[in-house]
Amino acid sequence: SQQGEEDPQALSIQEGENATMNCSYKTSINNLQWYRQNSGRGLVHLILIRSNEREKHSGRLRVTLDTSKKSSSLLITASRAADTASYFCATDAVWNKLIFGTGTLLAVQP
Amino acid sequence: SQTIHQWPATLVQPVGSPLSLECTVEGTSNPNLYWYRQAAGRGLQLLFYSVGIGQISSEVPQNLSASRPQDRQFILSSKKLLLSDSGFYLCAWSQGWGEGYTFGSGTRLTVV
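All of these numbers come straight from a predicted model, not from anything done at the bench. (Residues numbered from 1 in each chain as written. Chains lettered and ligands numbered in written order. Predicted model: local features only at pLDDT ≥ 70, side-chain atom pairs only at ≥ 80, totals over all residues. Heavy atoms only, no water.)

Q: What's the story with the state of the cysteines in this structure? I'm lost.
A: Should the sulfur atoms of two cysteines be covalently bonded, the bond is a disulfide. For the coordinates displayed, the defined rule picks out two disulfides over all chains. Disulfide pairing is shown between Cys23(A) and Cys89(A); the S-S distance is 2.0 Å. Negative torsions about the S-S bond denote left-handed disulfides, and the value of about 65° found for Cys23(A) with Cys89(A) makes this one right-handed. Here Cys23(A) is found in strand β3 (residues 19–25), whereas its partner Cys89(A) is found in strand β9 (residues 85–94), with 66 residues between them in sequence. As far as the burial class goes, Cys23(A) and Cys89(A) line up, both buried. Cys23(B) shares a disulfide with Cys91(B); S-S distance 2.0 Å. Its S-S torsion of about -75° marks the bond between Cys23(B) and Cys91(B) as left-handed, since a negative value means left-handed. Of this pair, Cys23(B) sits in strand β3 (residues 19–26) while Cys91(B) sits in strand β9 (residues 87–94), and the two are 68 residues apart along the sequence. Of the two residues, Cys23(B) and Cys91(B), neither departs from the other in class, the shared state being buried. (Disulfide = S-S within 2.5 Å. Helix = DSSP H or I, 4+ residues; strand = E, 2+ residues; numbered from the N terminus. Buried < 20%, exposed > 50% of the residue type's maximum accessible area, 1.4 Å probe, protein only.)

Q: Is there a simple way to explain the sheet that holds β3(B) in this structure?
A: In sheet architecture, strand pairing relies on hydrogen bonds along the backbone and comes in two forms, parallel and antiparallel. Residues and elements named next belong to chain B. Taken together, the four strands give an open sheet; going across it, the order is β1-β3-β8-β7, and neighbouring strands pair in antiparallel fashion. Pairing within the sheet leaves two strands with one partner each, and these edge strands are β1 (3–7) and β7 (65–70). Ignoring strand direction, the axes of neighbouring strands in this sheet form an average angle of 20°. Direction of pairing for β1 relative to β3: antiparallel, over a ladder of five bridges. Pairing of Trp 7 across the sheet is with Glu 22, part of β3. (Pairing = 2+ DSSP bridges. Axes fitted to C-alpha atoms, helices over the stretch in contact; angles between N-to-C directions.)

Q: Sorry, what's going on with the layout of surface pockets here?
A: Empty space among the atoms becomes visible once a probe the size of a water molecule is rolled across them. Here the second largest pocket defines a volume of roughly 420 Å³. Every residue lining the second largest pocket is counted, 23 residues in all, and those nearest its centre are Gln37(A), Ser86(A), Gln38(B), Gly41(B) and Arg42(B). Elements that contribute at least two residues to the lining of the second largest pocket include exactly β9 and β11 (104–109) of chain A together with β9 of chain B. In terms of residues, the lining of the second largest pocket owes the most to one element, β9(A), which gives three residues. (1 Å grid on protein atoms, 1.4 Å probe; cavity = no way out; pocket = protein on both sides within 12 Å on 5 of 7 lines; lining within 4 Å. Points joined across faces, edges and corners; volume = space filled by probe spheres on them.)

Q: When you look at the packing of aromatic side chains in this model, what are you seeing that I'm missing?
A: Each aromatic ring pair is described using two quantities: the centre-to-centre distance and the angle formed by the ring planes. Taken as a whole and judged by the stated rule, the model has 10 aromatic pairs over all chains. On the basis of an interplanar angle of 90° and a centroid distance of 5.3 Å, the ring pair of Phe100(A) and Tyr36(B) is categorised as edge-to-face. Of this pair, Phe100(A) sits in strand β10 (residues 97–100) while Tyr36(B) is found in strand β4 (residues 32–38), placing the two residues in two different chains. When its relative accessible area of 0% is taken as the criterion, Tyr36(B) is described as buried. Look at Tyr34(B) and Tyr36(B): their rings are 6.5 Å apart centre to centre, the planes differ by 35°, and that puts the pair in the tilted class. Tyr36(B) shares its class with Tyr34(B); the two are buried. Of the aromatic side chains, those joined through ring pairs into one cluster are Tyr35(A), Phe100(A), Tyr34(B), Tyr36(B), Tyr49(B), Tyr101(B) and Phe103(B). (Phe/Tyr/Trp six-rings, centres within 6.5 Å; stacked < 30°, edge-to-face > 60°.)

Q: Just checking my understanding: could you explain the interface of chain B and chain A for this structure?
A: By convention, interface size is frequently given as the accessible area that disappears when the constituent parts associate. Taken together, the contact pairs 23 residues of chain B with 23 residues of chain A. Note on chain B versus chain A: buried area summed over both sides is about 1800 Å², and carbon and sulfur give 54% of it. If you sort the residues of chain B by the area they bury against chain A, Leu44(B), Trp97(B) and Tyr101(B) come out on top, with a joint share of 33%. As a salt-bridge pair, Glu59(B) and Lys97(A) come within 3.1 Å of each other at their nearest N and O atoms. Scanning the region where chain B abuts chain A turns up six residue pairs in polar contact (both at pLDDT 80 or more). Those elements that place two or more of their residues in the side of chain B that touches chain A are β4, β5 (44–52) and β9 of chain B. (Contact = heavy atoms within 4.5 Å. Buried area = accessible area lost by both parts, 1.4 Å probe. Salt bridge = Lys/Arg side-chain N within 4 Å of Asp/Glu carboxyl O. Polar contact = N/O pair within 3.5 Å; in protein donor to acceptor, adjacent residues only side chain to side chain.)

Functional significance is not addressed by these values, which are geometric in nature.
Okay, structure coming up:
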């Protein structure tokens, strides 16, 4: 079963613009993670935010977490064509089981 | 540094044939190991996970099985493949609960 649902399902922007993706989940979590997947490749871990954190930064990435609303957002600033990929949120509500959402397909037009 | 190897990259198998996908991790000990499957354009479905040698937890009853014969080796198998087993299979490892996962490059399986 899916724990996380990303919104939007697809997003197309111009290079240099910011991209925001949202994730909603259903149950209490220990942490929430974001991953990137280039077409036909494995997933790459981007950032992890713990349930007691509200915001986290890594380079051009900014992640927020609102546990009261059971939601998270991923912001990519100053996007580049190389950011074109699918982005997934994942939660570990249950011990040792990371459950992934359905993903957001981001297309950055040069 | 830690690395994860998964092979083969692509596989075309006839219905009813057996399957064996292998995943190995280097540079760490006692990792948690995972098999996921991704259908086209969809999210990832957790199939199996293992916290130690010989310890396998199955998430979805299906035509597949997993084994962990060595600490850093995780194998996904089937005795008889079905058309519905087609998909993109991903192996991953983590150092423990609450840590990020490192994924292999995946195996694209097509059952014909």
